[in-house]
Amino acid sequence: MPELPEVETIRRGMATYMIGHTILRAEVRNTQLRWPVDDKIIAQRDQQVLSVQRRAKYLLLELESGWIIIHLGISGRLRVLKQPVPPEKHDHVDLVMSNGCIIRYTDPRRLGSWLWSSNLYTSRVLAHLEPEPLSDEFNGFWLYEKSRNKHILIKPYLMDNKLVGWGRKYLR
């Protein structure tokens with residue numbers, strides 16, 4: 001499974017090909033991933049990408065009408081195709097961009113997810129996450145307050161995304 005630094009690297013790479021460009025259409029060949037691909041993603045037409053962000057291990061594509069939330073799962077990957085290439089067996093989702101690129105999602109195990117949210121604050125996969133570990137909000141005082149009355153080893157405690165991941169006020 002891609003770890004947080006790899007997801008951040010993917011975010012930075014995708015941003016170059018997406019921000020300011022328009023998703024002409026989404027081509028979904030298999031809707032059965034970890035959760036079914038949302039119909040609102042399938043229906044996307046002519047939506048400009050305003051930003052590409054990351055929260056924990058989720059990629060967040062901000063569009064004019066809402067957000068596409070992508071999790072790569074165990075074996076998923078995103079590629080930028082600069083010219084059309086016929087899809088293969090495990091190529092499940094393409095975003096056809098106005099700059100001529102195709103953002104292709106491949107996942108042999110189908111354990112990733114493509115979700116839609118009109119409001120990230122209420123998203124079922126993001127709402128429970130706490131501050132990013134490198135943010136100013138994640139500090140000794142915050143960690144001290146959160147760790148009171150816990151009976152768990154420190155390493156598993158710090159690795160828990162429900163503790164170290166994100167809180168609602170951290171979206172811009």
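Quick summary incoming for the structure in this document. Predicted model, so just to flag it, every value in this text is computed and none were measured.

### Quick word on the sheet that holds strand β8 (residues 113-117)
Overall, antiparallel pairing links the eight strands, which are arranged β5-β7-β6-β1-β2-β3-β4-β8 in an open sheet. A single partner strand is all that each edge strand has here, and the edge strands are β5 (77-81) and β8. For this sheet, the mean inter-axis angle between neighbouring strands, taken without regard to orientation, is 30 degrees. Examined bridge by bridge, strand β2 (residues 45-55) and strand β3 (residues 58-63) share six bridges and lie antiparallel to one another. When the bridges of β3 are listed, glutamine 53 appears paired with leucine 60. Strand contacts of helix α1 (residues 4-18): β2, β3, β5, β6 (91-97) and β7 (102-106), with the helix running at about 150 degrees to β2, the strand carrying the most contacts.

### What to know about the pairing of β3
The element β3 is largely enclosed, with a buried count of five among its six residues. In this structure, the hairpin formed by β2 and β3 is closed by a connection of two residues, where alanine 56 is found at a positive phi of approximately 50 degrees. Pairing of β3 with strand β4 (residues 67-71), which is carried by five bridges, proceeds in the antiparallel orientation. Across the sheet, residue tyrosine 58 finds its bridge partner in β4, namely histidine 71. The antiparallel hairpin formed by β3 and β4 contains three residues in its connecting segment, where glycine 66 sits at a positive phi of about 160 degrees.

### Observations regarding unusual backbone geometry
Of note, the phi angle at alanine 56 is positive, near 50 degrees, even though the residue is not glycine. Examined against the element boundaries, alanine 56 turns out to sit in the loop between β2 and β3. Here alanine 56 falls in the buried class, since its relative accessible area comes to 1%.

### A short note on the environment of threonine 106
Take threonine 106: it is sitting in strand β7. You can call threonine 106 buried: its relative accessible area is 6%. Of the polar contacts made by the side chain of threonine 106, one reaches the side chain of arginine 79; its length is 3.5 Å.

### Some thoughts on the pattern of salt bridges
Under the criterion given, the structure shown has nine salt bridges. Where glutamate 27 meets arginine 29, a salt bridge forms, and the shortest distance between an N and an O atom there is 3.9 Å. We classify glutamate 27 as partly exposed; its relative accessible area is 27%. Assessed through its relative accessible area of 36%, arginine 29 is described here as partly exposed.

### Regarding the packing of aromatic side chains
Counted by the stated rule, this structure contains two aromatic pairs. Centroid distance phenylalanine 138 to tryptophan 142: 5.4 Å. Interplanar angle 50 degrees. Geometry classified as tilted. Each member of the pair phenylalanine 138 and tryptophan 142 is classed as buried. The lysine or arginine in question, arginine 34, covers the ring of tryptophan 35, its NZ or CZ lying 6.0 Å from the ring centre. The positively charged end of arginine 124 is found above the aromatic ring belonging to tryptophan 35, 4.7 Å away from the centroid.

Calculation notes
- Residues numbered from 1 in each chain as written.
- Predicted model: local features only at pLDDT ≥ 70, side-chain atom pairs only at ≥ 80, totals over all residues.
- Heavy atoms only, no water.
- Pairing = 2+ DSSP bridges.
- Helix = DSSP H or I, 4+ residues; strand = E, 2+ residues; numbered from the N terminus.
- Axes fitted to C-alpha atoms, helices over the stretch in contact; angles between N-to-C directions.
- Contact = heavy atoms within 4.5 Å.
- Buried < 20%, exposed > 50% of the residue type's maximum accessible area, 1.4 Å probe, protein only.
- Polar contact = N/O pair within 3.5 Å; in protein donor to acceptor, adjacent residues only side chain to side chain.
- Salt bridge = Lys/Arg side-chain N within 4 Å of Asp/Glu carboxyl O.
- Phe/Tyr/Trp six-rings, centres within 6.5 Å; stacked < 30°, edge-to-face > 60°.
- Lys NZ or Arg CZ within 6 Å of the ring centre and 35° of its normal.

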